[in-house]
Amino acid sequence: GFLVGLPLLAGGTVAALYTGLSSRVAAAVRSGGERLARSAGLVVREITVEGRMRTDPKELAKALESRVGSLILSVELNDVRKQLEGLPWVKSAAVRRQLPGTLHAVIVEHRPLALWREREGARTQLIDEEGEIVPVSDLRPFSGLPLVTGAGAPKAAGRLLALLAAEPELAKRTTAASFVGGRRWNLYIDGR
């Protein structure tokens, strides 16, 4: 009955919209469709997330919990994706429906690479492997990361750190690196 009823209901909704039936009739058709979908179990009962390592579980729950109890077919997946990508650690997200009642999100988080300060006295920020700023306020957990300075340093830092990784003794002693003129690095060894 459900498989027959749902297409008829959808067709009735479209017909009501195109034939200019009153908004009350259209609302009644929509309401019947919602009742049918709920009785079929097409309601978000569970939200699963894959890929979370650093994202605060409370922030994640806050971004997603309002969808629980919604009709799964009415959830705007693009809105959920944008909301997830607004969280500090989330670089990108994909969201899909798993019928009858699960939303599944896959998130890709920023991977911390270095600390960056554009110039002396400027605020220090965390950057990821691609030179993007990770908008976190507490940098204490990342105090062991190298410090890079200078305009353009975030985009060039990945190459520098890959070169330093090939020279572990030099990498251990390098305390900071300054990107000069967009073309070369000055390394500070043992704090000098």
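Everything numeric in this text was worked out from a predicted model, so none of it was measured. (Residues numbered from 1 in each chain as written. Predicted model: local features only at pLDDT ≥ 70, side-chain atom pairs only at ≥ 80, totals over all residues. Heavy atoms only, no water.)

Novice: I tried to follow helix α3 (residues 57-64) on my own but got confused; where do I start?
Specialist: An α-helical segment advances 3.6 residues per turn. Residues three or four places apart therefore align on the same side. Burial in α3 covers these residues: Leu-60, Ala-63 and Leu-64. Taken end-on, α3 shows its buried residues confined to a sector of 85 degrees, consistent with a single buried face. Turned more than 90 degrees away from the buried face of α3, the exposed residues are Lys-58 and Lys-62. Considering only its buried residues, α3 is in contact with β1 (46-50) and α4 (77-85). (Buried < 20%, exposed > 50% of the residue type's maximum accessible area, 1.4 Å probe, protein only. Helix = DSSP H or I, 4+ residues; strand = E, 2+ residues; numbered from the N terminus. Arc of directions from axis to C-beta. Contact = heavy atoms within 4.5 Å.)

Novice: Sorry if this is basic, but what is going on with the packing of α3 against α4 here?
Specialist: Helix packing geometry: the angle between the two helix axes and the distance between the axes. Running from N to C, α3 and α4 cross one another at 155 degrees; their axes reach a closest spacing of 10 Å. Here α4 runs roughly antiparallel to α3, going by the angle between their axes. Regarding α3 and α4, the two cross each other, and that crossing is right-handed. Mapping the contact onto sequence places Leu-60, Ala-63 and Leu-64 in α3 and Val-80, Gln-83 and Leu-84 in α4. In terms of residue class, the contact of α3 with α4 is built from five nonpolar, one polar and no charged. (Axes fitted to C-alpha atoms, helices over the stretch in contact; angles between N-to-C directions. Parallel < 35°, antiparallel > 145°, perpendicular 65-115°, else oblique. Left-handed = near helix turned anticlockwise from the far one by under 90°. Nonpolar A, V, L, I, M, F, W, Y, C, P; charged D, E, K, R; others polar.)

Novice: Would you explain the sheet that holds β1 in this entry?
Specialist: Paired through backbone hydrogen bonds, the strands of a sheet run either parallel or antiparallel to each other. Ordered in space as β1-β3-β2, the three strands form an open sheet in which the pairing is mixed. Two strands in the sheet have a free side with no partner beyond their single neighbour: β1 and β2 (90-98). Here the average twist between neighbouring strands, direction ignored, is 20 degrees. Here β2 runs beside strand β3 (residues 102-109); their pairing, made up of eight bridges, is antiparallel. The residue of β3 that forms the bridge with Ser-92 is Val-108. (Pairing = 2+ DSSP bridges.)

Novice: Just checking my understanding: could you explain the packing of aromatic side chains for this structure?
Specialist: Geometry of an aromatic ring pair is reported as the spacing of the ring centres plus the angle between the planes. On inspection of all chains with the given rule, the structure shows two aromatic pairs. With a centroid separation of 5.7 Å and 45 degrees between ring planes, the pair formed by Trp-89 and Phe-142 is classed as tilted. Placement of the pair is Trp-89 in the loop between α4 and β2 and Phe-142 in the loop between β6 (133-134) and β7 (147-149), with a sequence separation of 53 residues. In this structure Trp-89 comes out as buried when scored by relative accessible area, which is 10%. The aromatic ring of Trp-89 is capped on one face by Arg-54, whose charged end is 5.3 Å from the ring centroid. (Phe/Tyr/Trp six-rings, centres within 6.5 Å; stacked < 30°, edge-to-face > 60°. Lys NZ or Arg CZ within 6 Å of the ring centre and 35° of its normal.)

Novice: Could you clarify how one ought to interpret the confidence of the model for the protein in this entry?
Specialist: Close reading of the predicted structure is inappropriate where its pLDDT is low. On average, residues of the protein carry a pLDDT of 86, and 79% of them reach 70 or more. In the predicted structure, residues 1-5 sits below a pLDDT of 50 and forms five contacts with residues beyond four places in sequence or in another chain. (pLDDT = per-residue confidence, 0-100.)

Novice: Which parts of the structure should I look at to understand the pattern of salt bridges?
Specialist: Oppositely charged side chains are able to pair whenever their charged atoms sit close together. According to the stated counting rule, one finds nine salt bridges in the structure shown. Between Glu-129 and Arg-111 there is a salt bridge, with the nearest N and O atoms lying 3.7 Å from each other. A residue pair is termed long-range when its members are at least 10 positions apart, and Glu-129 in the loop between β5 (125-128) and β6 and Arg-111 in the loop between β3 and β4 (112-117) qualify at 18 residues. Where Arg-119 meets Glu-118, a salt bridge forms, and the shortest distance between an N and an O atom there is 3.7 Å. Taken together, the salt bridges that share partners define one network made up of Lys-91, Asp-128, Glu-130 and Glu-132. (Salt bridge = Lys/Arg side-chain N within 4 Å of Asp/Glu carboxyl O.)

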